[in-house]
Amino acid sequence: MNKLHINRLSTTLLLFLIIAGCKKDGNGNFSYDKYYATRPDIQNCIAGSLNSSSKEAVLARVNYIRSLHKLPAVVYNTEYDELVQQSALIGAANAELDHYPGPTAECYSKDGALGSSASNLGISLSSQTDNFKDETNVDRWLTEEYSQTIGHRRWLLDPFLKYISYGRVDGKPKKSGYSFVSAASLKVINSEVAEIPYLNIAYVAYPSADYPSALFLKNGILSFSALYDKNNEWNNSYVKYTHATVEVSTDGGQAMPVSAISFDNEAEGLPNSIQWKIDGLKDNITYIVKIKNVVADGDIILNYQYSFKLVK
């Protein structure tokens, strides 16, 4: 039995796939009462509504991940529940993700289209009913498995993120050979930002410090964004990595091979980011990262150093 997982970046049409074993609950039926206050009905384009425990679980998971990076907690904003729920309905009905769904999409609505354009999106397709935790959606957006860009992660780890809203729809899709779909939408692009002049960090690095190995893929992408201006998020786009170097070594001095370095100033969370890969990372070893020759405001040279250890 195979299951297909798809996630897509908030502002870039990004697709990645995961093939995994299919699971179901004990009686073979989906446990709607576990997640929903009112049950969705995809065939009749009814989005339903999530119960408070699902929303609280996602909020707690997002804030736990943010706490690993010394980022301020976000709050839950119920004002946008209908947008993200309708967004998830469009994904579930069509068995695919689209940040800009058109009126011909199954179960299309203006609210759903608006929610899709401002959210991290995720979907799981299966040949039979599948129960998995809401937190799993958050973890997938963080790890970015099979993705060469890290936009989902950057939104989760945006120091200026103030609030989130979460939607999810499960059931039989209207368009698919699969018999079960679970689609999720997390609103992360907002008109309001958090005020963080007090925040005592100079960067957001993934992973950093003692980091749960379950939240990092050994073959995954490591990333770094400089928090140069805590008063104006967009001013952080003036941080450039054109001449930057990345060095990684163990605390014993062994140099690690750094590859696939890339960088950008896209408006995905903090508008500066450099990313890379390292082969051979292991648990319970302290790694030292040095990022040199970062340029801010055209002529200010910045150098950074931090460590991380993957722990179980």
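Bear in mind the structure is a predicted one, so any value in this text is a computation, not a measurement.

So, how was this worked out
Residues numbered from 1 in each chain as written. Predicted model: local features only at pLDDT ≥ 70, side-chain atom pairs only at ≥ 80, totals over all residues. Heavy atoms only, no water. Helix = DSSP H or I, 4+ residues; strand = E, 2+ residues; numbered from the N terminus. Rg over C-alpha atoms; globule rule 2.2 N^0.38 Å. Contact = heavy atoms within 4.5 Å. Areas by Shrake-Rupley, 256 points an atom, 1.4 Å probe, with all protein chains shown as cover. Core = buried A, V, L, I, M, F, W, Y, C linked by side-chain atoms within 4.5 Å. Buried < 20%, exposed > 50% of the residue type's maximum accessible area, 1.4 Å probe, protein only. Disulfide = S-S within 2.5 Å. Expected span 1.5 Å × (residues − 1). Pairing = 2+ DSSP bridges. Axes fitted to C-alpha atoms, helices over the stretch in contact; angles between N-to-C directions. Left-handed = near helix turned anticlockwise from the far one by under 90°. Nonpolar A, V, L, I, M, F, W, Y, C, P; charged D, E, K, R; others polar. Salt bridge = Lys/Arg side-chain N within 4 Å of Asp/Glu carboxyl O. Phe/Tyr/Trp six-rings, centres within 6.5 Å; stacked < 30°, edge-to-face > 60°.

A. Representation of the overall build of the protein chain. Helix and strand counts for the protein chain come out as six helices and 17 strands. The C-alpha radius of gyration of the protein chain comes to 20 Å, within 12% of the 20 Å expected for a compact globule of 312 residues. Each principal axis of the C-alpha distribution contributes one length, and for the protein chain these read about 60 × 40 × 30 Å. In the protein chain, 69% of the contacts between residues at least 6 apart in sequence involve partners at least 24 apart. Of the roughly 13500 Å² of accessible surface on the protein chain, 50% is carried by carbon and sulfur atoms.

B. Representation of the nonpolar core. Counting 62 residues, the largest nonpolar core has I164, F224, W276 and I291 as the members making the most contacts within it. Ignoring any residue separated from it by four or fewer positions in sequence, one finds F224 in contact with Y203, V204, A205, Y241, N272, S273, I274, W276, I291, Y304 and Y306. Ranked by size, the runner-up nonpolar core spans 15 residues in total, among them A92, C107, L125 and V181.

C. Main features of the state of the cysteines. Considering all chains together, one arrives at one disulfide under this definition. Note on cysteine connectivity: C45 is disulfide-linked to C107, with sulfurs 2.2 Å apart. On the S-S bond that ties C45 to C107, the torsion sits near -80°, and the link is left-handed. With C45 in the loop between strand 3 (36-38) and strand 4 (49-50) and C107 in the loop between helix 3 (81-94) and helix 4 (110-117), the pair connects residues that are 62 residues apart, well separated along the chain. Under the relative-accessibility criterion, C45 is labelled partly exposed at 33%.

D. Representation of helix 2 (residues 52-68) in the model. Over its 17 residues, helix 2 runs 24 Å from end to end, which matches the ideal 24 Å to within 8%, given 1.5 Å per residue. Looking at helix 2, one finds that the buried residues are S54, K55, A57, V58, L59, V62, N63, I65, R66 and L68.

E. Here's a closer look at the sheet that holds strand 9 (residues 203-206). The sheet built from four strands is open, its strands ordered 9-11-15-14 with antiparallel pairing. Two strands in the sheet have a free side with no partner beyond their single neighbour: strand 9 and strand 14 (258-264). Direction aside, neighbouring strands of the sheet carry axes that sit 15° apart on average. The pairing of strand 9 with strand 11 (residues 222-226) spans four bridges and is antiparallel. Residue V204 lies in a different strand from strand 11, and its bridge partner there is S225.

F. Region of the structure containing the packing of helix 2 against helix 5 (residues 134-143). Running from N to C, helix 2 and helix 5 cross one another at 30°; their axes reach a closest spacing of 8 Å. Where helix 2 crosses over helix 5, the handedness of that crossing is right-handed. Listed contacts from helix 5 to S54, A57, V58, R61, V62 and I65 of helix 2 are D134, E135, V138, D139 and L142. Among the residues forming the contact of helix 2 with helix 5, the class breakdown is six nonpolar, one polar and four charged.

G. Main features of helix 3. Taking 1.5 Å of rise per residue, 14 residues should cover 20 Å, and helix 3 covers 20 Å from first to last C-alpha, within 8% of that figure. Along helix 3, 13 of the 14 residues are buried, which leaves the element largely enclosed by surrounding structure.

H. Geometry of the pattern of salt bridges. Per the stated rule, a full pass over the model turns up 10 salt bridges. D283 is the salt-bridge partner of K312, the closest N and O atoms lying 3.8 Å from each other. Pair noted here: K312 is in the segment after strand 17 (300-311) and D283 is in the loop between strand 15 (273-278) and strand 16 (286-296), with a separation of 29 residues, a long-range link. Here the salt bridges do not stand alone but share partners, grouping D134, R168 and D170 into one network.

I. View of the side chain of N63. You can see N63 is positioned in helix 2. Those residues within four positions of N63 in sequence are excluded, and the remaining contacts are A73 and V74.

J. Quick look at the packing of aromatic side chains. Per the counting criterion, the structure on display carries 13 aromatic pairs. Between F30 and F180 the ring centres are 5.2 Å apart and the planes differ by 45°, which places this aromatic pair in the tilted class. Placement of the pair is F30 in the loop between strand 2 (16-21) and helix 1 (32-35) and F180 in strand 8 (residues 180-187), with a sequence separation of 150 residues. For the pair shown, F30 and F180 are each scored as buried. Summarising the aromatic geometry, the rings of Y203 and Y304 are spaced 6.1 Å apart at their centres and angled 80° between planes, so their arrangement reads as edge-to-face. On the criterion of sequence distance, the pair formed by Y203 in strand 9 and Y304 in strand 17 is long-range, its members being 101 residues apart.

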